[in-house]
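Overview (structure and organization)
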Amino acid sequence: MAEETIFSKIIRKEIPADILYQDELVTAFRDISPKAPTHILIIPNAVIPTVNDVTAEHEQALGRLFTVARKQAADAGIAEDGYRLLVNCNRHGGQEVYHIHMHLLGGRPLGPMLAQ
Ligand code: 5GP
């Protein structure tokens, strides 16, 4: 069994978070330290630590991250201007929380994809 992180407590509503959407497979909530005017995290409810741990059985939940991202971007009013979806993996990827998550960032021009 993969180790739980703070995100499991958010899913179970044991600690406060600004949850925007939840269903049986995924949860979307505002990032506590937003890097853009819109910064939402979309996560599977099951603990998958990193992209390296993804298997075929996760495809339904991970596919839903995209449909929820599309809806959240539309609801935030940033769909037309555009936004960025980002998944960090492990140390070089800058991953801090080892429960796989998709960042939805937007609300301003985000610049080049990587800092030089
Ligand atoms: P990572 O660097 O792992 O891709 O991103 C982790 C993200 O989780 C960061 O943007 C960080 O601000 C966010 N985060 C960490 N702890 C919490 C928390 O307790 N609540 C919320 N809402 N976001 C968190």
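1. Remarks on helix 2 (residues 59-76)
Over its 18 residues, helix 2 runs 26 Å from end to end, which matches the ideal 26 Å to within 8%, given 1.5 Å per residue. Listed as buried for helix 2 are Ala 61, Leu 62, Leu 65, Val 68, Ala 69, Gln 72 and Ala 73. When helix 2 is viewed along its axis, its buried side chains cluster within an angular range of 135 degrees and face the same direction. Exposed side of helix 2, more than 90 degrees from the buried face: Glu 59, Gln 60, Phe 66 and Arg 70 are the residues found there. Its buried side turned inward, helix 2 meets strand 1 (19-22), strand 2 (26-30), strand 3 (38-44), strand 4 (83-86) and strand 5 (102-106). Downstream of helix 2 by one or two residues, Gly 77 has phi in the positive range, about 75 degrees.

2. Examining the pairing of strand 5
Judged by how many residues are buried, strand 5 sits mostly within the fold: five of five residues are covered. Residue alternation in strand 5 divides its side chains into two sets, Met 102, Leu 104 and Gly 106 and His 103 and Leu 105, and both sets are buried. Bridge analysis of strand 3 against strand 5 gives five bridges, and the strand direction is antiparallel. The residue of strand 5 that forms the bridge with Ile 42 is Met 102. Relative to strand 5, strand 4 runs antiparallel, the two sharing four bridges. Note on strand 5: the bridge partner recorded for Leu 86 is His 103.

Conventions adopted
Residues numbered from 1 in each chain as written. Predicted model: local features only at pLDDT ≥ 70, side-chain atom pairs only at ≥ 80, totals over all residues. Heavy atoms only, no water. Helix = DSSP H or I, 4+ residues; strand = E, 2+ residues; numbered from the N terminus. Expected span 1.5 Å × (residues − 1). Buried < 20%, exposed > 50% of the residue type's maximum accessible area, 1.4 Å probe, protein only. Arc of directions from axis to C-beta. Contact = heavy atoms within 4.5 Å. Pairing = 2+ DSSP bridges.

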